[in-house]
Amino acid sequence: MSILKGVGVALVTPFNEDLSVDFDSLTKLVEYNIGNGTNYLVVLGTTAEAATLSDEEKKQVIEHIIKVNNKRLPLVLGIGGNNTLEVKKQIEEADLSAFEAVLSVSPYYNKPNQEGLYQHYKALASTGKNIIIYNVPSRTGQNVEADTTLRLAKEFPNLFMIKEAAPNILQYFDILRKKPEHFSLVSGDDEYTLPVTLAGGNGVISVIGQGYPKEFSTMVQLAFEGKVKEAYEIHNKLVEITRLIFAEGNPCGIKVVLAEKGIIKNYLRLPLVAASEGLSAKIKDEMTKIKG
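Sequence positions are assigned chain by chain, starting from 1 and proceeding in written order. Two thresholds apply to this predicted model, a pLDDT of at least 70 for residue-level local features and 80 or more for giving and counting side-chain atom pairs, whereas whole-chain, interface and lining totals are computed over all residues. Side-chain figures throughout are based on the complete set of non-hydrogen atoms in the structure, without hydrogens or water.

### A word on the overall build of the protein chain
Item 1. Each helix corresponds to a stretch of at least 4 residues labelled H or I by DSSP, and each strand to a stretch of at least 2 residues labelled E; elements are numbered beginning at the N terminus. For the protein chain, the helix and strand inventory stands at 12 helices and eight strands.
Item 2. Dimensions of the protein chain along its principal axes, counting C-alpha atoms only, are 50 × 45 × 35 Å.
Item 3. By definition, residues are in contact when any of their heavy atoms lie within 4.5 Å. Contacts in the protein chain between residues at least 24 apart in sequence constitute 71% of all its contacts with a sequence separation of at least 6.
Item 4. Residue-level accessible areas treat just the shown protein chains as cover; the underlying method is Shrake-Rupley with a 1.4 Å probe. Accessible surface for the protein chain amounts to roughly 12,800 Å². Of this, 49% is attributable to carbon and sulfur atoms.
Item 5. In this charge count, Lys and Arg are treated as positive and Asp and Glu as negative; neither His nor the chain ends contribute. A single reference atom marks each charge: NZ on Lys, CZ on Arg, CG on Asp, CD on Glu. Positive and negative side-chain charges of the protein chain, numbering 32 and 35 respectively, have mean locations separated by a distance of 3 Å.

In structure tokens:
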């Protein structure tokens with residue numbers, strides 16, 4: 001699955017003012033990323049506000065992105081939840097013919113222990129589908145520890161990658177140091193992308209990357225080539241905007257960036273709301289600095 005290397009972006013779901021899905025803007029977003037160096041697209045991840053989409057809307061979004069993409073970039077589909085049997089069923093029943101893999105977030109709210117997390121992913125692995133583990137403790141309330149990830153990686157070849165977003169970068173490094181050769185790690189934290197890639201990671205599944213695909217993909221490619229100084233110049237240019245977009249939660253910040261670029265309109269579905277005026281002003285000011 002080396003095809004999933006570089007910058008993958010977790011696409012937002014654009015909405016119209018009436019909060020219907022804005023498919024015209026979704027087309028623009030996909031084309032913008034394809035045209036500016038993004039390596040693969042993640043459909044219906046947590047950044048897509050997937051929890052607020054109906055089953056019919058999810059189906060429409062999937063079909064629309066497949067059509068617009070037209071096999072130009074690899075696709076990954078987000079299917080996750082905190083009911084293991086239901087997630088397993090969804091993976092088994094999904095038409096994955098257009099997708100390289102499923103990205104499945106670890107169970108949230110339930111807070112299973114490490115054995116529970118292991119058994120959850122073991123159940124998903126039994127589907128035989130290619131699955132990316134997604135560890136994001138800040139959202140799920142429970143960390144998939146490095147030992148659990150390594151246990152899964154060694155036992156189930158179709159659990160071939162982790163999107164790691166633990167707050168402790170040492171956890172990334174432990175996985176990279178001890179993982180089997182077939183298993184890969186991508187950063188799930190935009191700010192850690194460069195050091196993690198330089199340490200042997202396969203890049204990132206990014207939020208900010210869809211707003212700055214050319215810059216972010218160039219940075220990661222430079223890291224692959226060992227051009228550390230040049231890569232850090234781009235990292236340092238984008239680090240402030242990366243922090244700002246997460247200041248009031250995701251995806252309200254990246255939607256400000258994309259709206260300012262004229263790609264989408266700045267609407268979110270409850271319980272999420274648009275970024276505050278103060279944060280929006282800071283984001284727009286930082287965008288001007290980047291452009292300048």
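### Thoughts on the packing of aromatic side chains
Item 1. Between the rings of Phe, Tyr and Trp (Trp by its six-membered ring), a pair exists once the centres lie within 6.5 Å; its type follows the angle of the planes, with under 30 degrees stacked, over 60 edge-to-face, and the other angles tilted. Enumeration over the complete set of coordinates arrives at two aromatic pairs.
Item 2. Aromatic pair Tyr-172 and Tyr-192: ring centres 5.4 Å apart, planes at 75°, arrangement edge-to-face. A residue pair is termed long-range when its members are at least 10 positions apart, and Tyr-172 in helix H7 (residues 169-178) and Tyr-192 in the loop between strand E7 (184-187) and helix H8 (193-198) qualify at 20 residues. Like Tyr-172, the residue Tyr-192 is buried in the burial classification.
Item 3. Lying over the aromatic face of Tyr-134, Lys-163 brings its terminal NZ or CZ to 4.0 Å of the ring centre. Note on exposure labels: buried denotes an accessible area under 20% of the residue type's maximum, exposed denotes more than 50%, and partly exposed covers the range between, all computed with a 1.4 Å probe on protein chains only. Sitting over a ring, as applied to charges here, requires NZ of Lys or CZ of Arg to be within 6 Å of the ring centre and within 35 degrees of the ring normal.

### Some details on helix H10 (residues 228-245)
Item 1. In this analysis, the expected span of each helix is defined as 1.5 Å times one less than the number of residues it contains. With 18 residues, H10 should cover 26 Å at 1.5 Å per step; its first-to-last C-alpha distance of 25 Å lies within 8% of that length.
Item 2. Leu-238 marks the point of greatest bend in H10, at about 40°.
Item 3. Taken residue by residue, H10 has Ala-231, Ile-234, His-235, Leu-238, Val-239, Ile-241, Thr-242, Leu-244 and Ile-245 as its buried positions. We define the bend at any residue as the angle between the axes fitted to the seven residues before and including it, ending there, and the seven starting there.

### Some points on the pairing of strand E4 (residues 101-105)
Item 1. Counting buried positions along E4 gives five out of five residues, so the element sits mostly inside the fold.
Item 2. Residues of E4 alternate between two faces, with Ala-101, Leu-103 and Val-105 on one and Val-102 and Ser-104 on the opposite face, all of them buried.
Item 3. In this sheet, E4 lies alongside strand E3 (residues 75-78) in parallel orientation, the contact comprising three bridges. Bridge pairing links Val-76 to Ala-101 in E4. Criterion used throughout: strands pair if DSSP finds at least two bridges between them.

### Examining the UniProt feature "site: Part of a proton relay during catalysis" (unreviewed entry) in the protein chain
Item 1. UniProt positions are given in the numbering used here, feature names are shortened, and annotations may be inferred rather than shown by experiment. Here the UniProt-annotated "site: Part of a proton relay during catalysis" (unreviewed entry) positions come out as Thr-46 and Tyr-109.
Item 2. Judged by its relative accessible area of 33%, Thr-46 is partly exposed.
Item 3. The residue Tyr-109 is located in the loop between E4 and helix H4 (114-125) in this model.
Item 4. Residue classification places Tyr-109 among the exposed positions, given a relative accessible area of 73%.

### With respect to the pattern of salt bridges
Item 1. Each salt bridge in this description consists of a side-chain nitrogen of Lys or Arg and a carboxyl oxygen of Asp or Glu lying within 4 Å of one another. For the coordinates displayed, the defined rule picks out 11 salt bridges.
Item 2. Among the salt bridges present, the one from Asp-174 reaches Arg-177, with a minimum N-O distance of 2.8 Å. Remark: Arg-177 and Asp-174 occur in helix H7; sequence separation between them is three residues, near one turn of the helix.
Item 3. On the basis of relative accessibility, which here comes to 58%, the residue Arg-177 falls in the exposed class.
Item 4. For Glu-225, the salt bridge is made with Lys-227, and the minimal N-O distance between the two is 3.3 Å.
Item 5. Classification of Lys-227 by relative accessible area gives partly exposed; the value is 38%.
Item 6. Overlapping salt bridges bring together Glu-115, Arg-151 and Glu-155 as one network.

### Section: the packing of helix H6 (residues 146-155) against H7
Item 1. Orientation is described by axes fitted as lines to C-alpha atoms, over the contacting stretch for helices, and by angles from 0 to 180 degrees between their N-to-C directions. For the pair H6 and H7, interaxial distance at closest approach is 9 Å and the crossing angle is 30°. Viewed along their axes, H6 and H7 adopt a mutual orientation that is roughly parallel. The chirality of how H6 crosses H7 is right-handed. Where H6 approaches H7, its residues Ala-146, Thr-149, Leu-150 and Lys-154 are matched on the opposing element by Gln-171, Asp-174, Ile-175 and Lys-178. Roughly parallel covers angles under 35 degrees, roughly antiparallel covers those over 145, roughly perpendicular covers 65 to 115, and oblique covers all other angles. Crossings are sorted by hand: turned counterclockwise from the far helix by less than a right angle, the near helix makes the crossing left-handed, and turned clockwise it makes it right-handed.

### A few points about the environment of Lys-5
Item 1. Turning to its location among the elements, Lys-5 is positioned in the segment before strand E1 (6-10).
Item 2. By relative accessible area, Lys-5 is classed as partly exposed at 38%.
Item 3. C-alpha of Lys-5 to C-alpha of Gln-221: the two residues are 216 residues apart in sequence and 9.8 Å apart in space.
Item 4. With near-sequence residues (within four places) excluded, Lys-5 lies in contact with Asn-39, Tyr-40, Asn-202 and Phe-224.

### Concerning the UniProt feature "active site" (unreviewed entry) in the protein chain
Item 1. The residues that UniProt annotates with the feature "active site" (unreviewed entry) are Tyr-134 and Lys-163. These annotated residues cover 30 residues of sequence, but their C-alpha atoms sit close together, with the largest distance between any two at 4.7 Å.
Item 2. In this structure, Tyr-134 sits in strand E5 (residues 131-135).
Item 3. On the basis of relative accessible area, Tyr-134 is assigned to the buried category, the value being 6%.
Item 4. Those residues within four positions of Tyr-134 in sequence are excluded, and the remaining contacts are Thr-46, Leu-103, Ser-104, Val-105, Ser-106, Tyr-121, Lys-163 and Ala-165.
Item 5. Along the chain, Lys-163 turns up in strand E6 (residues 159-164).
Item 6. When neighbours within four sequence positions are excluded, Lys-163 is seen to be in contact with Leu-103, Ile-132, Ile-133, Tyr-134, Asn-135, Val-186, Ser-187, Gly-188 and Ile-205.
Item 7. Polar contacts here mean pairs of N or O atoms no more than 3.5 Å apart (in protein, one a potential hydrogen donor and the other a potential acceptor; neighbouring residues in sequence count only if both atoms are side-chain atoms). Within the local environment of Lys-163, its side chain forms a polar contact with the side chain of Tyr-134, the two groups lying 3.4 Å apart.

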